[in-house]
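The lines below spell out each chain.
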Amino acid sequence: MFNEKELMFQVKAGQLDKLATLFENNKLQLFNYFIRSGNSRALSEDLVQETFMRVLAYRTSFSGSSTFKSWMYGIARNTVAEHYRKNKNQVLNCDIDDEELTNEQTLGEEFESKQQNAIFNQSLASISPEDREIIVLSRFQQLNYQEISSLLDCNLNTLKSRMRNALSKLQMSYQKLVGENS
Amino acid sequence: MKNQQIIDWKIASLANDNSNEQSEELSEALQNYLKENTQLQEELLFIEQFWTNDVKPLVVPSDKMDANFYQMLSSAQSTQQYSSQQETAQQHSSHHIAAQEHPLSLLEKIKSWFMPNPIAQFATLALVFVVGLNLNKTPNNDDNNLAYSGLQQEISSLTTVLAMSMLQKDSASERLSGVAYSRQTDLSNPLLVEQLIELLARDKSTSVRLAIINSLGHLKSFGSSEQRLFILAIQEENLLVQIELCRLLLNYGSVDIKKLLTKQVNQQHLKPEVREFIQAQSMASYI
Amino acid sequence: MKNTLSLTLPLTLVAMLATSMQIVSAAEKSYSLPLSKPGEPVSIDIEVYRGSITLIGYQGDTIEISAKTSTFAGKDKDLKKVKNKMNKSRSARSTEGLKSVKNSTMRLEIEERNNEVEISSEVSNQHVDLVIKVPQRSSIEVELYKGGDLNIDGVNGGLELESYEGMIIANNISGPIVAETARTDIVVSFSDFTKTSPSSLTSHMGNVDITLAKKVAANVNIQTYQGEVFSGLDNDFVVVDEIKKGKKGQKQEIVLGGIMQAKVNGGGQVISLISYSGNLYIRKGK
């Protein structure tokens, strides 16, 4: 297995073709990160492109003090923020219905799981973006605490406390939705 | 306090965090503790379910996303290749001396970059470092604005680089793309403007030359280029290019150049159609 | 009256004879050129001094060339005789018992290297009619100086076309296309319109006539000084050339030659139609 940090150093040194490997390795997760953050498919694709353009442009500033993923998600977050700053009138919409359509599970026990999945997603969508972000980065983008704390610029203990907080809010939202559905 | 630690531990173990330091002994004590704390139990159960819940199949992006990325990468690679060839060719020029003044070995490594002029390279590099440092700090709200405006500048810089690379391509359509990119940058880079005017003077495609003239209309001021554009206009063989250059200078040029141009009308240096055009323009506009 | 008639008749005869004398000899040949890398991108560069060119895109993966040449013995109106024929300085030798041999050789250079194809006919007194079948995906660059027209059908790659004397007619293409003529018309019909890079059709004195298929999305820019514009598009053309500079209390107008733009199907890549005195026609296809 290759080391992403190594690859990024090679890109930094001028071996631009190595960026392709980093792209292939991360494109799906990055794309889904944008989707989970509430962006449409088309916008998420643009944001992936924009993020990698910046990865290429900023390659000289990659220091290796964090992992490549952490650095990349930092750029990704700024890319989204920049986009919404420019397009203030756009509403963040969560394509819950679309997401359900892509789920391949259908009958029986799987139906229950699908239901639960949908409610999880809905509760995720209902909490604040700051809380959602911490959960998404950890649970879905699989960044570890070190990476997330450097990304969000907060110390480890603060991060843990924010995580607990976010999950508790998520749980409350979930229970509320389950109550409404039953 | 203890509850919080337990939750932390749970999250960490689910996330397979390497900083997880819980040992097996605690889990027994933990189980006993949990029996008395139903609320905590529920919380832990919820977290477990959420974490282990089957992630629905990932949404797959379209092929277009891949295509766009590879096109960008290919563009970057060909410019890098071209620039390094240029660099080799210019080894003995005076520019090389300027480049050698940069002490950092890092700069040396990325010398074969987009822009032909090492001094301009350094300027862009400095900008990237500044912006990069801001990014890595992941700033708080006060620094956000600085980072974002830095980002904007960097994007403009990247577009400039793209424009300059496209303008060097063999195909006229790609050069037209380069002109379109240059328009997006507000032509703030003097090297880009220089390249455009150079291309205007010698490009074999009338379409490209006309597109450049349109692009130059977006310049805040022509500065020293005005004289050059004037001379190009007077000497131009191509009717469409000549008339467009005159239109450019009449619409956006200084008062002096406008006077100079209308003078030429009398001196019969311009094609009759162009003379006719200038006369019509002069009558319609008033200063 | 009588005198004029008797004068014009012999002149007409002379003209007819002169025309027939131009076709002194002809040769016709076909070539099938395989590609070094089948299936990969193809770029074709064609330079013809005098002739006509027809390019047809097809599903195959070879270049099928059919060339018909003839010697041109007429006069180019725009060329002056600089040098006298060499023969005059040499005394002719005896031709008794000898037959005059017609020169029916063809000078046509064809080269292929790593899918880059070059076809050229640069002999000034040779008129060549080329009919070439090319893979649909080919990118093509053509320079046709004199003679007839340039016709293209069904090619999806990038086109860079220049015709000095003849028309440029392209059907069933998707661009990008950059084409230029001096006095003749450019007629293009787009079955699709690529987003890759801009297209531009420029004629100094000729007309520019485009047809856009129903599904095409584009930003159509038009610019003409003395010609008229005829549009079948749904949207109107609006002036895009802004006066950004201008002090307070001053006013500047663009009287002639400004750029106008209309969006088709919401807008897309740019196509520019430019002519000094020719008309511009923008049609909606089926």
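Throughout this document, residue positions are counted from 1 along each chain, in the order its sequence is written. Chains and ligands are labelled by the order in which they are written, letters from A for the one and numbers from 1 for the other. The predicted origin of the model limits local features to residues at a pLDDT of at least 70 and limits the giving and counting of side-chain atom pairs to 80 or more, whereas totals for whole chains, interfaces and linings rest on all residues. Hydrogens are left out, water is left out, and the side-chain values use all remaining heavy atoms of the structure.

K.L.:
Any chance you could explain the overall build of chain C here in plain terms?
P.N.:
A tally of regular secondary structure across chain C gives one helix and 19 strands. For chain C, the proportion of its 286 residues judged to be buried stands at 41%. Across chain C, every contact between residues at least 6 apart in sequence was considered, and the portion connecting residues at least 24 apart equals 63%. Summing over all exposed atoms, chain C offers an accessible surface of approximately 16700 Å²; the carbon and sulfur share of this is 51%. Only runs of H or I of at least four residues qualify as helices and only runs of E of at least two qualify as strands under DSSP, and these elements are numbered from the N terminus. Categorising residues by exposure relies on relative accessible area from a 1.4 Å probe, with only protein chains included: less than 20% of the type maximum marks a residue as buried, more than 50% marks it as exposed, and the intermediate range marks it as partly exposed. In what follows, residue pairs with any heavy atoms lying within 4.5 Å of each other are defined as contacts. Per-residue and other accessible areas were derived by the Shrake-Rupley procedure at a 1.4 Å probe size, with only the shown protein chains allowed to occlude residues.

K.L.:
Can you help me understand the overall build of chain B in this one?
P.N.:
Of the regular secondary structure elements, chain B holds 15 helices and zero strands. For chain B, the proportion of its 287 residues judged to be buried stands at 48%. Looking at chain B alone, contacts between residues at least 24 apart form 62% of all its contacts between residues at least 6 apart. Carbon together with sulfur atoms contributes 50% to the accessible area of chain B, which is approximately 14900 Å² in total.

K.L.:
I tried to follow the pattern of salt bridges on my own but got confused; where do I start?
P.N.:
As a working rule, side chains carrying opposite charge can pair if their charged atoms are close by. In the sections that follow, a salt bridge refers to a side-chain nitrogen of Lys or Arg positioned within 4 Å of a carboxyl oxygen of Asp or Glu. Using the criterion set out here, one finds 21 salt bridges over all chains in the structure. Linking A:Glu133 and A:Arg77 is a salt bridge whose minimum nitrogen-to-oxygen distance equals 2.4 Å. Taken together, the positions of A:Glu133 in helix α7 (residues 129-140) and A:Arg77 in helix α4 (residues 68-86) put the pair 56 residues apart, joining distant regions of the chain. Using a relative accessible area of 16% as the deciding quantity, one classes A:Glu133 as buried. Looking at A:Arg77, the relative accessible area reads 23%, which means it is partly exposed. Its salt-bridge partner being C:Arg283, residue C:Asp209 comes within 2.6 Å of it at the nearest N-O pair. Taken together, the residues C:Asp209 in strand β13 (residues 208-212) and C:Arg283 in strand β19 (residues 280-284) connect sequence positions 74 residues apart. Using a relative accessible area of 13% as the deciding quantity, one classes C:Asp209 as buried. A residue is classified by how much of its surface remains accessible, and C:Arg283, at 39% relative accessible area, is partly exposed. Three or more residues are tied together by salt bridges with common partners; here these are B:Glu194, B:Glu198, B:Arg202 and B:Arg228.

K.L.:
Could you clarify how one ought to interpret the packing of aromatic side chains in this entry?
P.N.:
Any aromatic ring pair is given by two values, namely how distant the centres are and how the planes are angled relative to each other. Between 30 and 60 degrees the pair is tilted, below 30 it is stacked and above 60 it is edge-to-face, where a pair is any two Phe, Tyr or Trp rings, Trp via its six-membered ring, whose centres lie within 6.5 Å. Scanning the model with the defined rule gives 20 aromatic pairs over all chains in all. Ring plane angle 85 degrees and centroid distance 5.2 Å describe the contact between A:Phe23 and A:Phe52, whose orientation is recorded as edge-to-face. Pair noted here: A:Phe23 is in helix α2 (residues 18-36) and A:Phe52 is in helix α3 (residues 41-57), with a separation of 29 residues, a long-range link. The exposure classification of A:Phe23 matches that of A:Phe52, with both residues buried. Relative to B:Phe50, the ring of A:Phe140 lies with its centre 6.2 Å away and its plane at 90 degrees, an arrangement referred to as edge-to-face. With A:Phe140 in helix α7 and B:Phe50 in helix α3 (residues 38-52), this pair bridges two chains. For the pair A:Phe140 and B:Phe50, one class covers both residues: buried. An aromatic cluster is present here, built from A:Phe140, A:Tyr174, B:Phe46, B:Phe50 and B:Trp51 joined pairwise through their rings. In this structure, A:Arg139 packs its charged tip against the face of A:Phe140, placed 5.0 Å from the ring centre. Whether a charge sits over a ring depends on NZ of Lys or CZ of Arg being within 6 Å of the ring centre and within 35 degrees of the ring normal. The ring of C:Tyr58 carries C:Lys133 above its face, with NZ or CZ at 5.0 Å from the centroid.

K.L.:
Looking at this structure, how should I read the pairing of strand β2 (residues 43-58) of chain C?
P.N.:
Each regular strand displays side chains that alternate between the two surfaces of the sheet. Residues and elements named next belong to chain C. Note on pairing: two strands pair once DSSP finds at least 2 bridges between them. Relative to strand β5 (residues 116-121), β2 runs parallel, the two sharing six bridges. Counted as the bridge partner of Ile44 is Val117 from β5. For β2 and strand β7 (residues 139-153), the ladder comprises twelve bridges, and the chain directions are parallel. By the bridge assignment for β7, Asp45 is matched with Glu141. Summarising the sheet, β2 and strand β6 (residues 126-135) pair through eight bridges and their orientation is parallel. Note on β6: the bridge partner recorded for Ile53 is Leu130.

K.L.:
Where do I start with the environment of B:Tyr33 in this structure?
P.N.:
All names here are of chain B. Assignment of secondary structure puts Tyr33 in helix α2 (residues 24-35). With a relative accessible area of 23%, Tyr33 lands in the partly exposed category. The contacts of Tyr33, once residues within four sequence positions are left out, are Lys2, Asn3, Ile6 and Leu40.

K.L.:
Mind showing me how you'd approach a negative patch on the surface here?
P.N.:
Two joining distances apply to patches: 9 Å for like charges and 5 Å for nonpolar side chains (Val, Leu, Ile, Met, Phe, Trp, Tyr), and every residue must have over 30% relative accessible area and no salt bridge. We score Asp and Glu as negative and Lys and Arg as positive, and we do not count His or the chain ends. Here the site of a charge means atom NZ of a Lys, CZ of an Arg, CG of an Asp or CD of a Glu. A grouping of C:Glu47, C:Glu111, C:Glu116, C:Glu118, C:Glu122, C:Glu143 and C:Glu162 is seen on the molecular surface, where their side chains present a negatively charged patch. Among the secondary structure elements, C:Glu111 is positioned in strand β4 (residues 109-113).

K.L.:
In this structure, what is going on with the side chain of A:Glu147? I would like to understand it.
P.N.:
If you trace the backbone, A:Glu147 turns up in helix α8 (residues 145-152). Within the buried set, A:Glu147 has no salt-bridge partner at all; the shortest N-O distance to an opposite charge, 7.2 Å, is to A:Lys69.

K.L.:
Sorry, what's going on with the packing of helix α10 (residues 190-202) of chain B against helix α12 (residues 225-235) of chain B here?
P.N.:
The relative placement of two packed helices comes down to the angle between their axes together with the axis-to-axis distance. All names here are of chain B. Axes, fitted as lines to C-alpha atoms, cover a helix only where it is in contact. Angles between the N-to-C directions of the axes lie from 0 to 180 degrees. Relative orientation of the contacting elements α10 and α12 amounts to 10 degrees, with a least axis distance of 11 Å. As far as their axial angle goes, α12 and α10 are roughly parallel. Residues Glu194, Ile197, Glu198, Leu200 and Ala201 of α10 form the contact with α12, whose participating residues are Ser225, Arg228, Leu229 and Leu232. For the contact of α10 with α12, a count of residues per class yields five nonpolar, one polar and three charged. Comment on the angle field: the value is read as roughly parallel under 35 degrees, roughly antiparallel over 145, roughly perpendicular from 65 to 115, and oblique elsewhere. When residues are grouped by polarity, Ala, Val, Leu, Ile, Met, Phe, Trp, Tyr, Cys and Pro land in nonpolar, Asp, Glu, Lys and Arg in charged, and all others, Gly among them, in polar.

K.L.:
Looking at this structure, I do not really get the packing of helix α1 (residues 4-12) of chain A against α2(A). What am I missing?
P.N.:
Residue and element names in this part refer to chain A. Interaxial distance between α1 and α2 falls to 8 Å at its minimum, and their mutual angle equals 140 degrees. Considering their axes alone, α1 and α2 lie oblique with respect to each other. For the element pair α1 and α2, the recorded crossing hand is left-handed. Residues Glu4, Leu7, Met8, Gln10 and Val11 of α1 form the contact with α2, whose own contacting residues are Lys18, Leu19, Thr21, Leu22, Asn25 and Asn26. Throughout, a crossing is termed right-handed when the near helix is turned clockwise from the far one, and left-handed when it is turned anticlockwise from it by less than a right angle.

K.L.:
I would appreciate a short explanation of the nonpolar core in the present structure.
P.N.:
In summary, soluble globular proteins display a tendency toward joint burial of nonpolar side chains. Nine residue types can take part in a nonpolar core, namely buried Ala, Val, Leu, Ile, Met, Phe, Trp, Tyr and Cys, and a core is a set of them joined through side-chain atoms within 4.5 Å. One finds A:Leu19, A:Leu30, A:Phe52, A:Val55, A:Ile135, A:Leu167 and B:Phe50 to be the most contacted residues of the largest nonpolar core, which totals 72 residues. Among all residues touching A:Val55, those that are not within four sequence positions of it are A:Met8, A:Leu19, A:Phe68, A:Trp71, A:Met72 and A:Ile75. Grouped together as the second largest cluster of nonpolar side chains are 52 residues, C:Leu33, C:Ile46, C:Ile65 and C:Ala170 included.

K.L.:
Looking at this model, I keep getting lost on the confidence of the model for chain C. Mind explaining?
P.N.:
Low pLDDT means the predicted atomic positions in that stretch should not be read closely. Residues and elements named next belong to chain C. pLDDT is a residue-level measure of predictor confidence that goes from 0 to 100. For chain C, the average pLDDT comes to 82, and 78% of its residues sit at 70 or higher. The low-confidence segment residues 1-24, where pLDDT is below 50, has six contacts with residues more than four positions distant or belonging to other chains. Within the model, pLDDT remains below 50 along residues 243-256, and this stretch shows 26 contacts once partners closer than five positions in the same chain are excluded. Our summary of model confidence lists the complex with pTM equal to 0.54 and ipTM equal to 0.78.

K.L.:
In this structure, what is going on with the pairing of β13(C)? I would like to understand it.
P.N.:
All names here are of chain C. Counting buried positions along β13 gives four out of five residues, so the element sits mostly inside the fold. Both strand β11 (residues 186-190) and β13 contribute to a ladder of five bridges, which runs parallel. Residue Ile186 lies in a different strand from β13, and its bridge partner there is Val208.

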